[in-house]
Amino acid sequence: MASKTYRICTLPGDGIGPEIIAEAKRLLEAVGTACDVEFACEDQLIGGAAIDATREAGEDVSALPPATLAAAEAADAVLLAAVGGPKWNDTRPGAVRPEQGLLAIRKNLGLYLNLRPVRVYEALRDASPLREDRLDGVDLLIVRELTGGLYFGEHRREHGVEGAGVAGAAGDKAVDTMEYSEYEIERVIRWAYEAAARRDGIVTSVDKANVLETSRLWREVNHRLNEEYPDVEGEDMLVDNCAMQLVANPSQFDVLVTENTFGDILSDEASMLTGSLGMLASASLGTGTALYEPSHGSAPDIAGKGIANPIAQILSVELMLRYSFQMDDAADDVAGAVEDVLNAGWRTADLADDDTPEDKRLSTSQMGDKII
Ligand code: ATP
Ligand code: MG
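Residues numbered from 1 in each chain as written. Chains lettered and ligands numbered in written order. Predicted model: local features only at pLDDT ≥ 70, side-chain atom pairs only at ≥ 80, totals over all residues.

## Remarks on the UniProt feature "binding site: Mg(2+)" (unreviewed entry) in the protein chain
The positions that UniProt labels "binding site: Mg(2+)" (unreviewed entry) are, in the present scheme, Asp240, Asp264 and Asp268. If you trace the backbone, aspartate 240 turns up in helix 7 (residues 239-248). When the 12 C-beta atoms within 10 Å are taken as the criterion, aspartate 240 is described as exposed. Tracing the backbone through its elements, the reader meets aspartate 268 in helix 8 (residues 260-271). The exposure class assigned to aspartate 268 is exposed, which follows from the 12 C-beta atoms found within 10 Å. (UniProt positions renumbered as here; feature names shortened; annotations may be inferred. Helix = DSSP H or I, 4+ residues; strand = E, 2+ residues; numbered from the N terminus. Buried ≥ 20, exposed ≤ 12 C-beta atoms within 10 Å, placed from the backbone.)

## Section: the environment of aspartate 301
With respect to the helices and strands, the residue aspartate 301 is situated in the loop between strand 12 (291-294) and helix 9 (311-323). Classification of aspartate 301 as exposed rests on a count of 10 C-beta atoms within 10 Å. Along the sequence, aspartate 301 and glycine 85 sit 216 residues apart, while their C-alpha atoms lie 9.0 Å from each other.

## Thoughts on the packing of helix 5 (residues 182-197) against helix 6 (residues 213-228)
In the contact formed by helix 5 and helix 6, the axes pass within 9 Å of each other and the chain directions differ by 45°. In terms of axis orientation, helix 5 runs oblique to helix 6. Where helix 5 crosses over helix 6, the two elements pack in a sense that is right-handed. In this structure, helix 5 uses Glu182, Ile185, Glu186, Ile189, Arg190 and Tyr193 to contact helix 6, whose residues at the interface are Leu217, Trp218, Val221, Asn222 and Leu225. Considered class by class, the residues forming the contact of helix 5 with helix 6 number 7 nonpolar, 1 polar and 3 charged. (Axes fitted to C-alpha atoms, helices over the stretch in contact; angles between N-to-C directions. Parallel < 35°, antiparallel > 145°, perpendicular 65-115°, else oblique. Left-handed = near helix turned anticlockwise from the far one by under 90°. Contact = placed C-beta atoms within 7 Å. Nonpolar A, V, L, I, M, F, W, Y, C, P; charged D, E, K, R; others polar.)

## Things to note about the site of ligand 1
The environment of ligand 1 is made up of 14 residues, and the closest members are His296, Gly297, Ala299, Asn309 and Asp350. Residues that form the shell around ligand 1 fall into these classes: 6 nonpolar, 6 polar and 2 charged. (Near = placed C-beta within 6 Å.)

## Section: the environment of methionine 367
When you line up the elements, methionine 367 lands in helix 11 (residues 364-371). On the basis of neighbour count, methionine 367 is assigned to the buried category, with 25 C-beta atoms found within 10 Å. Not counting residues up to four positions away in its chain, the partners in contact with methionine 367 are Asn309, Pro310, Trp346, Thr348 and Leu362.

Spelled out as structure tokens, the structure:
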């Protein structure tokens, strides 16, 4: 008997989802055996798979059935693969879409913070659009606020507004509001300081305080927390400057923390440093069960072929071990195994190029085997 049992709600979803999550589950089993912990995984439906199943059963058609949400709430962590695909691309009003399942589960679990680690693998440097020497020492963690700001403000359209049209005529006016409370800001920035204290000890708080009131509040909170964490070096950076620094000098960053919209943009920018979508994982944390997933989508074009790259999914397990179970040594081992396998030249199809020898090319499950 293992000394401890963790319950994990696994959500294979659609496309390559079932193939890549299978490798993550095998890895969890191996980690469990090595660490005397049991990871009890239970599959639930989400996305297109849930839409099909609820329709067939004659239930309310849903991308997040109540049983799935209940299982996620009761679990110690949620491991998601990916949702969506052309089969469910119904754009008619009122149609249920797979992506709704994703938004609904994040909202219901109160996940207010999204993490995306960006690491450059020595073996994959060629894939980066950046000059080699700029990639030295790139290892950053982006902390994005996830439930506030523009995304959740007021979205309003006014029609026939005097002077809003062309040449002084009446026209439309659109309004989006950006709101943040001190509380919403503090819980995210505090998390960043705690994380930095366990990493390289630098927090870069990104804002637009020269223009936005929400950013001035953001900056005040950052300064207050900076004093609470004397061992962490805290700095402010304007978002336009940060966008530039991410490509000019990315190795200066350790933990980068920012509000929802800025984080959306900067995390996609930063992910391209690695040059490879199949290598990035993310974690969403908050008041409820944390959720871990690869950054890529369901890749319907290669689904069912056994060729998908399982590494982003496997690195989402690394994040789970680290942030939900405080198993940092095991998490480091998983990250190290991925690095070793890449250094040894093993490649799934998406990572291979013309120079990759035939005997170094791996299927999804073979890549899982190597890492395990
Ligand atoms: P979403 O809207 O869900 O983010 P997307 O349209 O951005 O999806 P993805 O599903 O991420 O697209 O796929 C983009 C491309 O990358 C596709 O050609 C896909 O095959 C490839 N791809 C994505 N993930 C992987 C993976 N794990 N292994 C190999 N190829 C992948
Ligand atoms: Mg996408």
